[in-house]
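One letter stands for each residue in the lines below.
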Amino acid sequence: MSDAAFEDFTKQVLELSYEQTLLLMEKMLESLKTKRREENYSEME
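Rules used in this analysis
- Residues numbered from 1 in each chain as written.
- Predicted model: local features only at pLDDT ≥ 70, side-chain atom pairs only at ≥ 80, totals over all residues.
- Heavy atoms only, no water.
- Salt bridge = Lys/Arg side-chain N within 4 Å of Asp/Glu carboxyl O.
- Helix = DSSP H or I, 4+ residues; strand = E, 2+ residues; numbered from the N terminus.
- Patch = residues over 30% accessible without salt bridge, like charges linked within 9 Å, V, L, I, M, F, W, Y side chains within 5 Å.
- Areas by Shrake-Rupley, 256 points an atom, 1.4 Å probe, with all protein chains shown as cover.
- Buried < 20%, exposed > 50% of the residue type's maximum accessible area, 1.4 Å probe, protein only.

(A) Spatial organisation of the pattern of salt bridges. Scanning all chains against the criterion turns up one salt bridge. Residues Arg37 and Glu30 are paired through a salt bridge, measuring 3.8 Å at the closest nitrogen-oxygen approach.

(B) Layout of the environment of Ala5. Tracing the chain through its elements places Ala5 in helix α1 (residues 3-14). Linking Ala5 and Leu22, residues 17 residues apart in sequence, is a C-alpha distance of 22 Å.

(C) Up close: a nonpolar patch on the surface. A grouping of Tyr18, Leu22 and Met25 is seen on the molecular surface, where their side chains present a nonpolar patch of about 350 Å² in accessible area. Along the polypeptide, Tyr18 turns up in helix α2 (residues 18-44). Owing to a relative accessible area of 61%, Tyr18 belongs among the exposed residues under this scheme.

Here you go:
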């Protein structure tokens, strides 16, 4: 990610409300769990 894009992303995240931040974190955690399950599944094959 370029510095400018990262800076823009950071600015947007900092402007989120408390509820929006929690929602974002929840979605990121769910994404990580899904990715982990997919990795574990592919290792079993």
